[in-house]
Amino acid sequence: MFTHQPFRGSTIRRRADVQRTAIVREPDTLSSRLGLAAGRGLFRLALLAVWAAVMAIWLLAYVPILGAVVALAVLLGAMQGVAGFLAVLAVALAAGVTWWWSHGASFDRLISSRVFRFGRRIRYRSGFADLMASAGLQARDASARLVVPRLLWCRLGPHADLLTVQLCPGVTREDLEERTDELRSEFRALDVRVLAHRRRGWVWLRVICADTLMEPTAPPSSAHAVDLEALPLGRREDGSPWRLRLLGRHVLMAGASGSGKSSMVAGLLVALAPAIRDGLVRVIGIDPKGGMEFGMYAELFHLLAADSDEHLVVGLEAAAALTAQRTRELRSRTRQHVPTTAEPFYVVLVDEVASLTTYIADRTLRSRAQAALGQLLTKGRAPGVSVVGCVQDPRKEVVDLRGLFTTRVGLRMTEKTEVAMVLGDGARDRGARCDQISALTPGIGYVVDDEGQTLTKVRSVYVDDEQMRWLARTYPSPTREDISSVIPVQRDEPAPRKKAKSAPTKGGESS
(Lines give C-alpha, C1' and ligand atoms only; values in the text may rest on other atoms or scores of the structure.)
Protein backbone atom coordinates (compact mmCIF):
# COMPACT_ATOMS: atom_id res chain seq x y z
CA MET A 1 0.00 0.00 0.00
CA PHE A 2 2.90 2.35 0.69
CA THR A 3 4.17 2.28 -2.87
CA HIS A 4 0.95 3.79 -4.22
CA GLN A 5 1.41 7.38 -5.26
CA PRO A 6 -1.19 9.07 -2.94
CA PHE A 7 0.34 7.43 0.12
CA ARG A 8 3.96 8.45 -0.51
CA GLY A 9 4.92 11.12 1.98
CA SER A 10 2.95 13.11 4.53
CA THR A 11 0.85 16.07 3.41
CA ILE A 12 1.34 19.14 5.59
CA ARG A 13 -0.84 21.84 4.03
CA ARG A 14 -2.54 22.55 0.73
CA ARG A 15 -2.76 25.88 -1.03
CA ALA A 16 -6.56 25.72 -0.85
CA ASP A 17 -6.35 25.46 2.93
CA VAL A 18 -4.25 28.61 3.06
CA GLN A 19 -6.70 30.47 0.81
CA ARG A 20 -9.71 29.41 2.86
CA THR A 21 -7.96 30.52 6.00
CA ALA A 22 -7.30 33.90 4.44
CA ILE A 23 -10.95 34.64 3.67
CA VAL A 24 -12.41 33.47 7.00
CA ARG A 25 -13.46 36.46 9.10
CA GLU A 26 -13.23 36.52 12.87
CA PRO A 27 -16.39 37.39 14.86
CA ASP A 28 -16.78 41.05 15.70
CA THR A 29 -18.19 40.82 19.24
CA LEU A 30 -16.05 40.03 22.27
CA SER A 31 -18.36 37.28 23.50
CA SER A 32 -18.27 35.55 20.12
CA ARG A 33 -14.48 35.69 20.11
CA LEU A 34 -14.27 34.27 23.62
CA GLY A 35 -16.69 31.49 22.76
CA LEU A 36 -14.77 30.59 19.62
CA ALA A 37 -11.48 30.55 21.51
CA ALA A 38 -12.98 28.41 24.28
CA GLY A 39 -14.36 25.95 21.74
CA ARG A 40 -11.00 25.64 20.03
CA GLY A 41 -9.26 25.19 23.36
CA LEU A 42 -11.64 22.46 24.49
CA PHE A 43 -11.25 20.65 21.18
CA ARG A 44 -7.48 20.74 21.40
CA LEU A 45 -7.63 19.66 25.03
CA ALA A 46 -9.82 16.71 24.08
CA LEU A 47 -7.41 15.68 21.34
CA LEU A 48 -4.52 15.99 23.77
CA ALA A 49 -6.34 13.85 26.33
CA VAL A 50 -7.05 11.14 23.76
CA TRP A 51 -3.42 11.21 22.57
CA ALA A 52 -2.13 11.03 26.16
CA ALA A 53 -4.39 8.08 26.93
CA VAL A 54 -3.23 6.19 23.86
CA MET A 55 0.43 6.89 24.72
CA ALA A 56 -0.08 5.80 28.33
CA ILE A 57 -1.63 2.49 27.26
CA TRP A 58 1.18 2.00 24.75
CA LEU A 59 3.80 2.71 27.45
CA LEU A 60 2.25 0.19 29.85
CA ALA A 61 2.29 -2.41 27.08
CA TYR A 62 5.91 -1.56 26.17
CA VAL A 63 7.06 -1.88 29.82
CA PRO A 64 5.22 -5.06 30.96
CA ILE A 65 6.28 -4.84 34.62
CA LEU A 66 4.99 -1.29 34.88
CA GLY A 67 1.79 -2.32 33.13
CA ALA A 68 1.25 -5.22 35.54
CA VAL A 69 1.68 -2.91 38.55
CA VAL A 70 -0.82 -0.37 37.19
CA ALA A 71 -3.32 -3.11 36.32
CA LEU A 72 -3.07 -4.53 39.85
CA ALA A 73 -3.49 -1.08 41.37
CA VAL A 74 -6.59 -0.38 39.26
CA LEU A 75 -8.07 -3.78 40.17
CA LEU A 76 -7.56 -3.32 43.92
CA GLY A 77 -8.75 0.26 43.63
CA ALA A 78 -11.99 -0.96 42.14
CA MET A 79 -12.37 -3.54 44.92
CA GLN A 80 -10.98 -1.69 47.95
CA GLY A 81 -11.36 1.92 46.91
CA VAL A 82 -8.71 4.61 46.85
CA ALA A 83 -6.87 3.06 49.82
CA GLY A 84 -6.18 -0.15 47.91
CA PHE A 85 -5.00 1.79 44.87
CA LEU A 86 -2.56 3.91 46.92
CA ALA A 87 -1.35 0.87 48.87
CA VAL A 88 -0.34 -0.95 45.69
CA LEU A 89 1.45 2.12 44.37
CA ALA A 90 3.33 2.58 47.69
CA VAL A 91 4.45 -1.06 47.79
CA ALA A 92 5.48 -0.95 44.12
CA LEU A 93 7.47 2.26 44.69
CA ALA A 94 9.32 0.78 47.67
CA ALA A 95 10.04 -2.42 45.76
CA GLY A 96 11.28 -0.43 42.78
CA VAL A 97 13.68 1.65 44.86
CA THR A 98 15.03 -1.50 46.55
CA TRP A 99 15.43 -3.20 43.18
CA TRP A 100 17.24 -0.20 41.71
CA TRP A 101 19.57 0.05 44.71
CA SER A 102 20.51 -3.66 44.84
CA HIS A 103 20.45 -4.68 41.16
CA GLY A 104 20.75 -1.51 39.11
CA ALA A 105 21.72 -3.30 35.87
CA SER A 106 18.59 -5.44 35.69
CA PHE A 107 16.37 -2.50 36.73
CA ASP A 108 17.86 -0.39 33.96
CA ARG A 109 17.42 -3.17 31.39
CA LEU A 110 13.79 -3.94 32.24
CA ILE A 111 12.41 -0.59 33.44
CA SER A 112 14.32 2.66 33.02
CA SER A 113 15.94 1.99 29.65
CA ARG A 114 12.61 0.94 28.15
CA VAL A 115 10.94 4.07 29.50
CA PHE A 116 13.66 6.26 27.97
CA ARG A 117 13.36 4.40 24.68
CA PHE A 118 9.64 5.00 24.64
CA GLY A 119 10.32 8.69 25.20
CA ARG A 120 12.55 8.65 22.13
CA ARG A 121 9.75 7.04 20.15
CA ILE A 122 7.39 9.88 21.07
CA ARG A 123 10.05 12.42 20.10
CA TYR A 124 10.54 10.78 16.71
CA ARG A 125 6.85 10.54 15.86
CA SER A 126 5.50 13.76 17.32
CA GLY A 127 7.53 16.19 15.24
CA PHE A 128 8.94 14.19 12.33
CA ALA A 129 6.95 15.96 9.62
CA ASP A 130 7.81 19.40 11.01
CA LEU A 131 11.47 18.41 11.25
CA MET A 132 11.54 17.31 7.60
CA ALA A 133 9.95 20.56 6.49
CA SER A 134 12.25 22.70 8.66
CA ALA A 135 15.32 20.91 7.27
CA GLY A 136 14.19 21.59 3.71
CA LEU A 137 13.36 17.94 2.97
CA GLN A 138 10.08 18.72 1.25
CA ALA A 139 8.53 18.91 -2.19
CA ARG A 140 5.32 20.04 -3.90
CA ASP A 141 3.25 17.87 -6.19
CA ALA A 142 1.00 18.86 -9.09
CA SER A 143 -1.86 19.65 -6.70
CA ALA A 144 0.32 22.14 -4.82
CA ARG A 145 0.44 19.84 -1.81
CA LEU A 146 3.50 20.14 0.42
CA VAL A 147 4.80 16.61 1.12
CA VAL A 148 7.66 15.36 3.27
CA PRO A 149 9.18 11.90 3.92
CA ARG A 150 7.04 9.69 6.15
CA LEU A 151 8.21 7.84 9.25
CA LEU A 152 6.84 4.30 9.03
CA TRP A 153 8.38 2.28 11.87
CA CYS A 154 10.74 2.77 14.80
CA ARG A 155 12.89 -0.12 15.97
CA LEU A 156 14.35 0.92 19.29
CA GLY A 157 17.53 -0.44 20.82
CA PRO A 158 19.46 0.16 24.02
CA HIS A 159 22.19 2.14 22.22
CA ALA A 160 20.86 2.91 18.73
CA ASP A 161 17.49 3.20 17.01
CA LEU A 162 16.59 2.28 13.45
CA LEU A 163 13.92 4.40 11.77
CA THR A 164 12.28 3.23 8.55
CA VAL A 165 11.49 6.25 6.39
CA GLN A 166 9.54 6.37 3.15
CA LEU A 167 10.83 9.03 0.80
CA CYS A 168 8.41 11.29 -1.01
CA PRO A 169 8.74 12.27 -4.68
CA GLY A 170 11.43 14.92 -5.02
CA VAL A 171 13.47 13.93 -1.95
CA THR A 172 16.34 11.46 -2.34
CA ARG A 173 18.64 9.57 -0.01
CA GLU A 174 21.43 12.02 -0.82
CA ASP A 175 19.24 14.88 0.39
CA LEU A 176 18.87 13.18 3.77
CA GLU A 177 22.62 12.57 3.98
CA GLU A 178 23.21 16.30 3.58
CA ARG A 179 20.84 17.07 6.49
CA THR A 180 22.13 14.58 9.06
CA ASP A 181 23.46 17.38 11.28
CA GLU A 182 19.99 18.90 11.59
CA LEU A 183 18.49 15.49 12.36
CA ARG A 184 21.15 14.74 14.94
CA SER A 185 20.53 18.03 16.72
CA GLU A 186 16.75 17.59 16.81
CA PHE A 187 16.91 13.95 17.92
CA ARG A 188 19.49 14.86 20.60
CA ALA A 189 21.64 12.01 19.37
CA LEU A 190 25.37 11.43 19.02
CA ASP A 191 25.11 10.73 15.31
CA VAL A 192 22.60 10.01 12.57
CA ARG A 193 23.48 7.92 9.52
CA VAL A 194 21.44 7.17 6.41
CA LEU A 195 21.48 3.50 5.33
CA ALA A 196 20.25 1.96 2.11
CA HIS A 197 17.02 -0.01 2.36
CA ARG A 198 16.32 -3.18 0.39
CA ARG A 199 13.12 -1.59 -0.91
CA ARG A 200 13.21 1.22 -3.42
CA GLY A 201 12.01 4.56 -2.16
CA TRP A 202 12.74 3.69 1.48
CA VAL A 203 15.76 4.35 3.68
CA TRP A 204 16.87 3.57 7.19
CA LEU A 205 17.98 6.22 9.66
CA ARG A 206 20.35 4.85 12.28
CA VAL A 207 20.19 7.15 15.30
CA ILE A 208 23.09 6.63 17.73
CA CYS A 209 21.90 7.48 21.23
CA ALA A 210 24.74 6.20 23.45
CA ASP A 211 28.49 5.79 22.95
CA THR A 212 29.37 2.13 23.42
CA LEU A 213 32.91 2.45 22.05
CA MET A 214 34.58 4.45 24.81
CA GLU A 215 35.80 1.37 26.66
CA PRO A 216 38.00 -1.15 24.81
CA THR A 217 36.70 -4.65 24.20
CA ALA A 218 38.43 -7.77 25.48
CA PRO A 219 39.40 -10.29 22.80
CA PRO A 220 37.18 -13.34 22.38
CA SER A 221 38.18 -16.76 23.58
CA SER A 222 40.53 -18.47 21.14
CA ALA A 223 38.75 -21.82 21.61
CA HIS A 224 35.89 -20.79 19.34
CA ALA A 225 35.18 -22.24 15.92
CA VAL A 226 36.59 -20.07 13.15
CA ASP A 227 34.17 -18.71 10.59
CA LEU A 228 36.13 -16.95 7.84
CA GLU A 229 32.97 -15.13 6.79
CA ALA A 230 32.29 -13.69 10.28
CA LEU A 231 35.46 -13.16 12.30
CA PRO A 232 34.78 -11.40 15.65
CA LEU A 233 37.01 -8.32 15.73
CA GLY A 234 35.29 -5.97 18.17
CA ARG A 235 32.07 -4.06 18.73
CA ARG A 236 29.84 -1.90 16.55
CA GLU A 237 28.41 1.46 17.57
CA ASP A 238 25.00 -0.07 18.31
CA GLY A 239 26.54 -2.50 20.81
CA SER A 240 26.38 -5.56 18.56
CA PRO A 241 29.52 -7.59 17.73
CA TRP A 242 31.59 -6.49 14.77
CA ARG A 243 32.26 -9.45 12.48
CA LEU A 244 34.56 -9.18 9.48
CA ARG A 245 34.28 -11.31 6.38
CA LEU A 246 37.75 -12.30 5.21
CA LEU A 247 36.98 -15.17 2.84
CA GLY A 248 36.99 -13.75 -0.67
CA ARG A 249 37.91 -10.27 0.53
CA HIS A 250 40.90 -7.94 0.72
CA VAL A 251 41.08 -5.56 3.69
CA LEU A 252 42.80 -2.16 3.92
CA MET A 253 43.37 -0.57 7.34
CA ALA A 254 44.41 3.09 7.22
CA GLY A 255 45.15 5.43 10.08
CA ALA A 256 47.69 7.75 11.63
CA SER A 257 50.42 6.56 13.96
CA GLY A 258 48.87 5.30 17.20
CA SER A 259 45.38 4.97 15.73
CA GLY A 260 45.12 1.25 16.54
CA LYS A 261 46.20 -0.62 13.40
CA SER A 262 48.36 -2.99 15.46
CA SER A 263 45.45 -3.81 17.77
CA MET A 264 43.23 -4.54 14.80
CA VAL A 265 45.83 -6.85 13.26
CA ALA A 266 46.33 -8.58 16.62
CA GLY A 267 42.56 -9.04 16.97
CA LEU A 268 42.47 -10.60 13.51
CA LEU A 269 45.18 -13.10 14.49
CA VAL A 270 43.30 -13.93 17.71
CA ALA A 271 40.22 -14.73 15.64
CA LEU A 272 42.27 -16.88 13.23
CA ALA A 273 44.41 -18.64 15.86
CA PRO A 274 42.51 -21.96 16.09
CA ALA A 275 42.43 -22.28 12.30
CA ILE A 276 46.16 -21.49 12.14
CA ARG A 277 46.93 -24.28 14.63
CA ASP A 278 44.75 -26.74 12.71
CA GLY A 279 46.44 -25.93 9.41
CA LEU A 280 43.29 -24.52 7.84
CA VAL A 281 44.80 -21.01 7.56
CA ARG A 282 48.38 -20.00 6.78
CA VAL A 283 49.61 -16.46 7.33
CA ILE A 284 52.38 -14.83 5.28
CA GLY A 285 53.76 -11.81 7.13
CA ILE A 286 55.45 -8.84 5.42
CA ASP A 287 56.98 -6.62 8.11
CA PRO A 288 58.96 -3.60 6.82
CA LYS A 289 59.81 -2.68 10.44
CA GLY A 290 62.43 -5.43 10.59
CA GLY A 291 60.30 -7.79 12.66
CA MET A 292 59.51 -5.38 15.51
CA GLU A 293 55.78 -5.83 14.86
CA PHE A 294 55.38 -9.46 13.77
CA GLY A 295 58.53 -10.89 15.34
CA MET A 296 56.86 -10.93 18.77
CA TYR A 297 54.49 -13.67 17.61
CA ALA A 298 56.45 -15.17 14.72
CA GLU A 299 55.23 -18.70 15.54
CA LEU A 300 51.83 -17.81 14.06
CA PHE A 301 53.28 -17.21 10.58
CA HIS A 302 53.84 -19.78 7.89
CA LEU A 303 56.30 -17.39 6.22
CA LEU A 304 57.72 -14.16 7.66
CA ALA A 305 59.71 -11.63 5.63
CA ALA A 306 61.30 -8.81 7.60
CA ASP A 307 65.08 -8.64 7.29
CA SER A 308 65.60 -6.60 4.10
CA ASP A 309 63.81 -4.99 1.20
CA GLU A 310 64.64 -7.98 -0.97
CA HIS A 311 63.10 -10.32 1.59
CA LEU A 312 59.91 -8.23 1.62
CA VAL A 313 59.61 -8.30 -2.15
CA VAL A 314 60.40 -12.01 -2.34
CA GLY A 315 57.71 -12.73 0.26
CA LEU A 316 55.15 -10.90 -1.86
CA GLU A 317 56.31 -12.66 -5.00
CA ALA A 318 56.07 -16.04 -3.27
CA ALA A 319 52.44 -15.29 -2.39
CA ALA A 320 51.79 -14.15 -5.97
CA ALA A 321 53.37 -17.34 -7.35
CA LEU A 322 51.21 -19.38 -4.99
CA THR A 323 48.14 -17.57 -6.28
CA ALA A 324 49.05 -18.29 -9.90
CA GLN A 325 49.76 -21.96 -9.15
CA ARG A 326 46.48 -22.45 -7.28
CA THR A 327 44.57 -20.70 -10.05
CA ARG A 328 45.90 -23.25 -12.53
CA GLU A 329 45.06 -26.12 -10.20
CA LEU A 330 41.48 -24.93 -9.68
CA ARG A 331 40.86 -24.32 -13.36
CA SER A 332 37.64 -26.02 -14.50
CA ARG A 333 37.10 -27.33 -10.93
CA THR A 334 35.49 -24.44 -9.06
CA ARG A 335 35.08 -20.66 -9.16
CA GLN A 336 35.64 -20.17 -5.42
CA HIS A 337 38.24 -21.92 -3.29
CA VAL A 338 37.01 -23.83 -0.22
CA PRO A 339 39.68 -23.94 2.53
CA THR A 340 40.87 -27.36 3.66
CA THR A 341 43.96 -28.61 5.47
CA ALA A 342 45.29 -29.91 2.15
CA GLU A 343 44.58 -26.57 0.41
CA PRO A 344 44.54 -23.98 3.21
CA PHE A 345 43.38 -20.39 3.10
CA TYR A 346 46.28 -17.90 2.86
CA VAL A 347 46.35 -14.48 4.49
CA VAL A 348 49.04 -12.07 3.28
CA LEU A 349 49.52 -9.59 6.13
CA VAL A 350 51.40 -6.43 5.10
CA ASP A 351 52.22 -4.09 7.97
CA GLU A 352 52.91 -0.99 5.85
CA VAL A 353 51.90 -1.08 2.20
CA ALA A 354 53.51 2.28 1.40
CA SER A 355 56.92 0.91 2.45
CA LEU A 356 56.72 -1.49 -0.48
CA THR A 357 55.11 0.72 -3.10
CA THR A 358 56.86 4.02 -2.32
CA TYR A 359 59.73 3.91 0.17
CA ILE A 360 61.95 1.20 -1.35
CA ALA A 361 64.95 3.01 -2.83
CA ASP A 362 65.74 0.36 -5.44
CA ARG A 363 63.49 1.07 -8.40
CA THR A 364 63.64 -2.52 -9.62
CA LEU A 365 62.57 -3.92 -6.25
CA ARG A 366 59.84 -1.31 -5.98
CA SER A 367 58.38 -2.20 -9.38
CA ARG A 368 58.55 -5.91 -8.50
CA ALA A 369 56.66 -5.24 -5.25
CA GLN A 370 53.97 -3.25 -7.04
CA ALA A 371 53.55 -5.95 -9.65
CA ALA A 372 53.29 -8.73 -7.04
CA LEU A 373 50.85 -6.76 -4.89
CA GLY A 374 48.71 -5.92 -7.91
CA GLN A 375 48.60 -9.59 -8.91
CA LEU A 376 47.53 -10.60 -5.39
CA LEU A 377 44.77 -7.99 -5.25
CA THR A 378 43.38 -8.77 -8.69
CA LYS A 379 43.65 -12.58 -8.68
CA GLY A 380 43.89 -13.70 -5.06
CA ARG A 381 40.28 -13.70 -3.87
CA ALA A 382 38.94 -16.65 -5.88
CA PRO A 383 41.87 -19.07 -5.21
CA GLY A 384 41.78 -18.39 -1.47
CA VAL A 385 44.48 -15.74 -0.93
CA SER A 386 43.44 -12.56 0.89
CA VAL A 387 45.56 -9.47 1.45
CA VAL A 388 45.29 -7.49 4.69
CA GLY A 389 47.24 -4.27 4.29
CA CYS A 390 47.96 -1.41 6.67
CA VAL A 391 48.88 2.11 5.63
CA GLN A 392 49.72 5.18 7.68
CA ASP A 393 49.72 7.91 5.04
CA PRO A 394 46.99 7.35 2.41
CA ARG A 395 48.30 10.18 0.27
CA LYS A 396 51.05 7.99 -1.15
CA GLU A 397 50.82 5.75 -4.21
CA VAL A 398 48.94 3.09 -2.28
CA VAL A 399 45.81 5.14 -2.99
CA ASP A 400 45.96 3.85 -6.57
CA LEU A 401 45.30 0.36 -5.19
CA ARG A 402 42.43 1.44 -2.95
CA GLY A 403 39.75 0.24 -5.33
CA LEU A 404 41.15 -3.30 -5.24
CA PHE A 405 40.55 -3.60 -1.48
CA THR A 406 36.95 -4.73 -1.09
CA THR A 407 36.76 -3.82 2.62
CA ARG A 408 38.33 -0.64 3.93
CA VAL A 409 38.74 0.49 7.54
CA GLY A 410 39.43 4.15 8.28
CA LEU A 411 40.92 4.78 11.73
CA ARG A 412 41.96 8.15 13.15
CA MET A 413 43.33 10.46 10.45
CA THR A 414 44.90 13.89 10.52
CA GLU A 415 43.07 15.61 7.66
CA LYS A 416 39.59 15.60 6.19
CA THR A 417 40.84 14.89 2.68
CA GLU A 418 42.36 11.59 3.77
CA VAL A 419 38.91 10.17 4.56
CA ALA A 420 37.88 10.27 0.90
CA MET A 421 41.23 8.80 -0.15
CA VAL A 422 40.61 5.67 1.91
CA LEU A 423 36.84 5.25 2.21
CA GLY A 424 35.78 6.83 -1.07
CA ASP A 425 34.23 10.07 -2.22
CA GLY A 426 31.44 11.37 -0.02
CA ALA A 427 32.28 9.06 2.87
CA ARG A 428 32.77 11.92 5.30
CA ASP A 429 29.46 13.48 4.29
CA ARG A 430 27.81 10.15 5.07
CA GLY A 431 29.22 10.21 8.61
CA ALA A 432 32.80 8.88 8.48
CA ARG A 433 34.51 11.63 10.47
CA CYS A 434 37.86 9.90 10.91
CA ASP A 435 39.61 13.22 11.46
CA GLN A 436 37.52 13.81 14.61
CA ILE A 437 38.38 10.54 16.37
CA SER A 438 40.18 11.19 19.65
CA ALA A 439 43.78 10.07 20.05
CA LEU A 440 42.75 8.66 23.46
CA THR A 441 40.54 6.01 21.83
CA PRO A 442 42.76 3.89 19.55
CA GLY A 443 41.03 1.16 17.61
CA ILE A 444 37.94 3.23 16.72
CA GLY A 445 37.23 3.58 13.03
CA TYR A 446 34.71 3.39 10.22
CA VAL A 447 34.24 0.36 7.98
CA VAL A 448 32.94 0.42 4.43
CA ASP A 449 32.64 -2.50 2.00
CA ASP A 450 32.13 -2.66 -1.73
CA GLU A 451 28.73 -4.37 -1.55
CA GLY A 452 26.47 -1.72 -0.05
CA GLN A 453 28.80 1.21 0.65
CA THR A 454 27.38 1.13 4.16
CA LEU A 455 29.40 2.93 6.82
CA THR A 456 29.67 1.41 10.28
CA LYS A 457 31.54 2.79 13.25
CA VAL A 458 33.44 0.09 15.13
CA ARG A 459 36.13 -0.45 17.74
CA SER A 460 38.54 -3.36 17.59
CA VAL A 461 39.47 -5.56 20.51
CA TYR A 462 42.54 -4.69 22.56
CA VAL A 463 45.25 -7.36 22.79
CA ASP A 464 48.40 -6.62 24.79
CA ASP A 465 51.89 -8.01 24.11
CA GLU A 466 51.71 -10.74 26.74
CA GLN A 467 48.47 -12.07 25.27
CA MET A 468 50.02 -12.22 21.81
CA ARG A 469 53.06 -14.13 23.13
CA TRP A 470 50.75 -16.60 24.84
CA LEU A 471 48.74 -16.92 21.63
CA ALA A 472 51.90 -17.69 19.62
CA ARG A 473 52.96 -20.39 22.10
CA THR A 474 49.49 -21.96 22.25
CA TYR A 475 48.44 -21.81 18.58
CA PRO A 476 51.64 -22.07 16.50
CA SER A 477 51.50 -22.76 12.79
CA PRO A 478 52.20 -26.44 12.04
CA THR A 479 54.09 -25.48 8.88
CA ARG A 480 57.02 -23.10 8.74
CA GLU A 481 58.91 -21.85 5.71
CA ASP A 482 62.05 -19.76 5.89
CA ILE A 483 62.35 -16.80 3.59
CA SER A 484 65.91 -17.77 2.66
CA SER A 485 64.60 -20.97 1.07
CA VAL A 486 62.33 -18.92 -1.20
CA ILE A 487 65.00 -16.58 -2.53
CA PRO A 488 66.42 -18.02 -5.75
CA VAL A 489 70.14 -18.71 -5.64
CA GLN A 490 72.05 -16.38 -7.88
CA ARG A 491 75.03 -18.20 -9.39
CA ASP A 492 77.89 -16.29 -10.92
CA GLU A 493 78.39 -17.77 -14.39
CA PRO A 494 81.40 -16.83 -16.50
CA ALA A 495 80.70 -14.36 -19.25
CA PRO A 496 80.61 -15.92 -22.72
CA ARG A 497 83.83 -15.55 -24.65
CA LYS A 498 83.81 -13.65 -27.85
CA LYS A 499 84.81 -15.66 -30.86
CA ALA A 500 88.20 -14.55 -32.16
CA LYS A 501 88.39 -13.43 -35.72
CA SER A 502 90.93 -15.22 -37.93
CA ALA A 503 93.44 -13.27 -39.95
CA PRO A 504 92.66 -12.86 -43.65
CA THR A 505 94.78 -14.82 -46.16
CA LYS A 506 96.48 -13.48 -49.18
CA GLY A 507 93.53 -14.39 -51.29
CA GLY A 508 91.27 -12.25 -49.15
CA GLU A 509 89.53 -15.24 -47.48
CA SER A 510 89.73 -15.98 -43.81
CA SER A 511 91.07 -19.32 -42.72
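Residues numbered from 1 in each chain as written. Predicted model: local features only at pLDDT ≥ 70, side-chain atom pairs only at ≥ 80, totals over all residues. Heavy atoms only, no water.

- An unreviewed UniProt entry lists the chain under the name FtsK/SpoIIIE domain-containing protein, with Actinomycetospora straminea as the source organism.

Topic: the packing of helix α9 (residues 261-277) against helix α14 (residues 465-474)
What describes two packed helices is the angle between their axes and the distance between those same axes.
Next, step 1: It is at 10 Å that the axes of α9 and α14 come closest, and there the two elements cross at 15°. Our classification of the angle between α9 and α14 gives roughly parallel. Along this stretch, α9 crosses α14, giving a crossing that reads as left-handed. Listed contacts from α14 to A266, L269, V270, A273 and R277 of α9 are M468, L471 and T474.
Next, step 2: Across the contact of α9 with α14, the residue classes break down as six nonpolar, one polar and one charged. (Axes fitted to C-alpha atoms, helices over the stretch in contact; angles between N-to-C directions. Helix = DSSP H or I, 4+ residues; strand = E, 2+ residues; numbered from the N terminus. Parallel < 35°, antiparallel > 145°, perpendicular 65-115°, else oblique. Left-handed = near helix turned anticlockwise from the far one by under 90°. Contact = heavy atoms within 4.5 Å. Nonpolar A, V, L, I, M, F, W, Y, C, P; charged D, E, K, R; others polar.)

So, the pairing of strand β5 (residues 160-166)
Next, step 1: Burial runs high along β5: seven of the seven residues are buried.
Next, step 2: Side chains of β5 alternate between two faces, with A160, L162, T164 and Q166 and D161, L163 and V165 buried alike.
Next, step 3: Where strand β4 (residues 150-155) lies against β5, five bridges are found, and the strand directions are antiparallel. Counterpart to R150 in the pairing with β5 is Q166.
Next, step 4: The turn joining β4 and β5, which pair antiparallel and follow one another in sequence, is formed by four residues.
Next, step 5: Pairing between β5 and strand β7 (residues 202-208): seven bridges, direction antiparallel. Directly across from V165, in β7, lies its bridge partner V203. (Buried < 20%, exposed > 50% of the residue type's maximum accessible area, 1.4 Å probe, protein only. Pairing = 2+ DSSP bridges.)

Considerations on the sheet that holds β5
Next, step 1: Taken together, four strands build an open sheet; the order of strands is β4-β5-β7-β6 and the sheet is antiparallel. Two strands close off the open sheet at either side, each with one partner strand: β4 and β6 (191-196). Ignoring strand direction, the axes of neighbouring strands in this sheet form an average angle of 25°.
Next, step 2: Lying on the sheet, helix α5 (residues 104-126) is in contact with β4, β5 and β7; it crosses β4 at an angle near 170°.
Next, step 3: Sheet contacts for helix α8 (residues 180-187): β5, β6 and β7; angle to β6, the most-contacted strand, approximately 125°.

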